[in-house]
Amino acid sequence: MDRRSVLLGGTAIVALSAFGLLRSVASVQAAEGDFPFKLTDEEWKARLDPAAYDVLRHEGTEYAFSSPLNDEKRAGTFLCAGCEQPLFTSETKYDSRTGWPSFYTYIDGALGTTIDNSLFMTRTEVHCSNCGGHQGHVFEDGPPPTGLRYCINGVALKFQPA
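Residues numbered from 1 in each chain as written. Predicted model: local features only at pLDDT ≥ 70, side-chain atom pairs only at ≥ 80, totals over all residues. Heavy atoms only, no water.

### A few points about the sheet that holds strand 1 (residues 76–80)
Selection rule: Only when DSSP finds a minimum of two bridges between them are two strands counted as paired. To qualify as a helix, a DSSP run of H or I must reach at least 4 residues; to qualify as a strand, a run of E must reach at least 2; elements of each kind are numbered from the N terminus. Angular values range over 0 to 180 degrees, each being the angle between N-to-C directions of two axes fitted as lines to C-alpha atoms, with helices fitted over their stretch in contact.
If you walk across this open sheet you meet the 3 strands as 2-1-9, and the pairing is antiparallel. The two strands at the open ends of the sheet, each matched to only one other strand, are strand 2 (86–89) and strand 9 (157–161). On average, each strand axis in the sheet is inclined to that of its neighbour by 30°, with strand direction left out of account. By the bridge criterion, 3 bridges tie strand 1 to strand 2 in an arrangement that is antiparallel. Looking at strand 2, one finds that leucine 79 is bridged to proline 86.

### Let's talk about the pattern of salt bridges
Oppositely charged side chains may form a pair once their charged atoms are brought near each other. What counts here: Any carboxyl oxygen of Asp or Glu that lies within 4 Å of a side-chain nitrogen of Lys or Arg is treated as forming a salt bridge with it. For the exposure calls, accessible area comes from a 1.4 Å probe over protein chains only, and a residue counts as buried if that area is under 20% of its type's maximum, exposed if over 50%, partly exposed in between.
Scanning the model with the defined rule gives 6 salt bridges in all. Ionic pairing is found between aspartate 34 and lysine 38, a salt bridge with its closest N-O pair at 2.5 Å. Across the pair, lysine 38 and aspartate 34 agree in class, each one exposed. Note that aspartate 41 and lysine 45 form a salt bridge whose closest N and O atoms lie 3.7 Å from each other. In this pair, aspartate 41 and lysine 45 both sit in helix 2 (residues 41–47), 4 residues apart, roughly one turn of the helix. Its relative accessible area of 34% is what places aspartate 41 among the partly exposed residues.

See the structure below:
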C-alpha cells in the first residue's frame, strides 16, 4: 500500500462520515439500559425533529458550526433535548473552536458513558442518564480544572436561560 492509497482511503472515510453513510455494521441506537424516561421509537419520532432524532436515538452527528448553541453565552442550563434533564451549566461551557458546544464538566449524575468503537477508533460516548439519548463524546484535551472536553451535539440540547 502506497501513500496515495492511504490518503485516498482516508478521504473516502471522511466523505462517507460527513454524509452519515458510514456507521458501525450493527444498527446504532441510543445507549442500551433501563433508563427512567422511556418512549417507543414512534413516540421519539413524534417528539423530536429529524436531526435531533438522528443524534439522540441513532448516535448521529450534526455538522460542525451548525448549532446556534455553539455561540450561546447567556447564563443558564443546557438540558437534554429528549427528556429535558439538566446536563450542563453555562459556567462550564467554553469555546473549544471545534464547532460543537463544549463543556469541561457536567451536572453530577446527568451523564453516562459507553465505549464507542465506530469510525475505526475508540472514543468515550456520553449519553443522558435519564433517557439514554446520545449527546456526543468526551475527550482528554479540555481546559482546567478537569482537562476534559465534553463535545456535544447542539441538536441534542435545549437551552434554558437563568
